[in-house]
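Letter by letter, the chains look like this.
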Amino acid sequence: LTFAKSAAGATTLNLNGTLTTTTSGAGNPTINSGVTVSSNADITIDSSGGTFTNNGTLTTTGNPATLTVRNTTGGLTVAGTGSITTTSIGANTINITATGANALAFTGNQTFNPGVAGSINFNSTTAGGSVTFAASTTQTISGARPLTISTPNLTFLGDNAIINATGTSAIAINSGGATTLTITAPATFTTAGIFTAAGGTIGITPTAGQNLTFAKSAAGATTLKLNGTLTTTTSGAAAGAAITSSG
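Residues numbered from 1 in each chain as written. Predicted model: local features only at pLDDT ≥ 70, side-chain atom pairs only at ≥ 80, totals over all residues. Heavy atoms only, no water.

Quick look at the packing of aromatic side chains now. For the structure on display, the rule yields six aromatic pairs. Ring centres of Phe 106 and Phe 112 lie 6.3 Å apart, and the angle between their planes is 85 degrees; on these two criteria the pair is classed as edge-to-face. Here Phe 106 and Phe 112 have matching classes, each one buried. An aromatic cluster of at least three residues, connected via ring pairs, comprises Phe 106, Phe 112, Phe 122, Phe 133 and Phe 156. (Phe/Tyr/Trp six-rings, centres within 6.5 Å; stacked < 30°, edge-to-face > 60°. Buried < 20%, exposed > 50% of the residue type's maximum accessible area, 1.4 Å probe, protein only.)

Looking now at the pairing of strand 17 (residues 137-141). Burial runs high along strand 17: four of the five residues are buried. Sheet topology note: the strand 14 (residues 109-113)/strand 17 ladder contains three bridges and is parallel. Each residue of the ladder has a partner; that of Gln 110, found in strand 17, is Gln 139. Examined bridge by bridge, strand 17 and strand 20 (residues 161-165) share five bridges and lie parallel to one another. Considered in strand 20, the bridge of Thr 140 is made with Asn 164. (Helix = DSSP H or I, 4+ residues; strand = E, 2+ residues; numbered from the N terminus. Pairing = 2+ DSSP bridges.)

Locating Gln 139 in the fold gives a position in strand 17. Assessed through its relative accessible area of 0%, Gln 139 is described here as buried. Polar side-chain contacts of Gln 139 include one of 3.4 Å to the backbone nitrogen of Gln 110. Among all residues touching Gln 139, those that are not within four sequence positions of it are Phe 106, Gly 108, Asn 109, Gln 110, Phe 112, Phe 133, Ile 162, Ile 163 and Asn 164. (Polar contact = N/O pair within 3.5 Å; in protein donor to acceptor, adjacent residues only side chain to side chain. Contact = heavy atoms within 4.5 Å.)

Moving on, we get to unusual backbone geometry. Cis geometry is adopted by the peptide bond preceding Pro 64, which originates at Asn 63 and carries an omega value of -10 degrees. Turning to its location among the elements, Pro 64 is positioned in the loop between strand 8 (57-60) and strand 9 (66-70). Even without being a glycine, Ser 136 presents a positive backbone phi close to 60 degrees. Structurally, Ser 136 can be placed in the loop between strand 16 (130-133) and strand 17. Residue classification places Ser 136 among the exposed residues on the basis of a relative accessible area of 55%. With phi around 60 degrees, Ala 144 is a residue other than glycine that occupies positive phi space.

On to the sheet that holds strand 2 (residues 11-14), then. Pairing within the open sheet is parallel, and its nine strands lie in the order 2-5-8-11-14-17-20-23-26. Two strands close off the open sheet at either side, each with one partner strand: strand 2 and strand 26 (225-227). The sheet shows a mean angle of 15 degrees between the axes of neighbouring strands, direction not considered. In this sheet, strand 23 (residues 193-196) lies alongside strand 20 in parallel orientation, the contact comprising four bridges. (Axes fitted to C-alpha atoms, helices over the stretch in contact; angles between N-to-C directions.)

Laid out in structure tokens, this is it:
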């Protein structure tokens with residue numbers, strides 16, 4: 001499924017009403033450069049092929065609205081350079097979700113803005129699941145809105161794999177369920193990590209009774225940058241909750 005335009009220049013396709021697109025088998029949805037796909041209600045993009053390529057804009061004016069990009073049967077790769085937004089003043093939600101013991105993989109540069117009262121969620125919550133960010137990619141969180149990452153494995157795959165909050169966002173990282181939380185940095189000294197503007201916060205909280213581990217992907221020293229007021233919290237004693245480092 002491809003949303004395209006017939007000639008040069010930007011264009012907007014208005015699909016007003018609750019919008020659901022579903023690809024089956026190996027099919028994948030794509031929004032081409034210069035194309036805005038817009039609704040005035042909730043949007044759900046299902047990608048059974050496992051890749052959503054967004055080089056344009058996916059947006060809704062619904063008040064409030066939920067905008068979901070997901071694969072209900074496996075992993076999801078978010079590719080391309082584009083924007084995913086909700087523009088109303090309501091309590092909007094943007095959900096990007098992979099299913100099962102699979103990766104939610106960001107391989108391009110996306111800008112997320114859920115509006116003045118909205119929030120953003122990156123989800124791969126099953127044991128064995130992961131959220132990964134490719135080298136030389138930036139996921140931009142606009143509007144000082146909160147981002148929650150729910151996964152047992154958060155991995156920055158290379159140099160300049162960045163989450164950049166341009167405002168005072170509250171970024172929360174949890175393990176998604178009854179499992180440990182491992183945050184993995186690239187193998188060498190890098191600029192990978194999470195960056196917030198002055199006043200932004202980063203809270204890291206595994207499930208109660210579970211461990212938090214900061215790891216590296218290979219031999220050698222590495223640095224993971226977590227710029228913002230940083231709080232890590234482990235609780236409970238059932239699993240000997242602790243914070244550990246692999247190197």
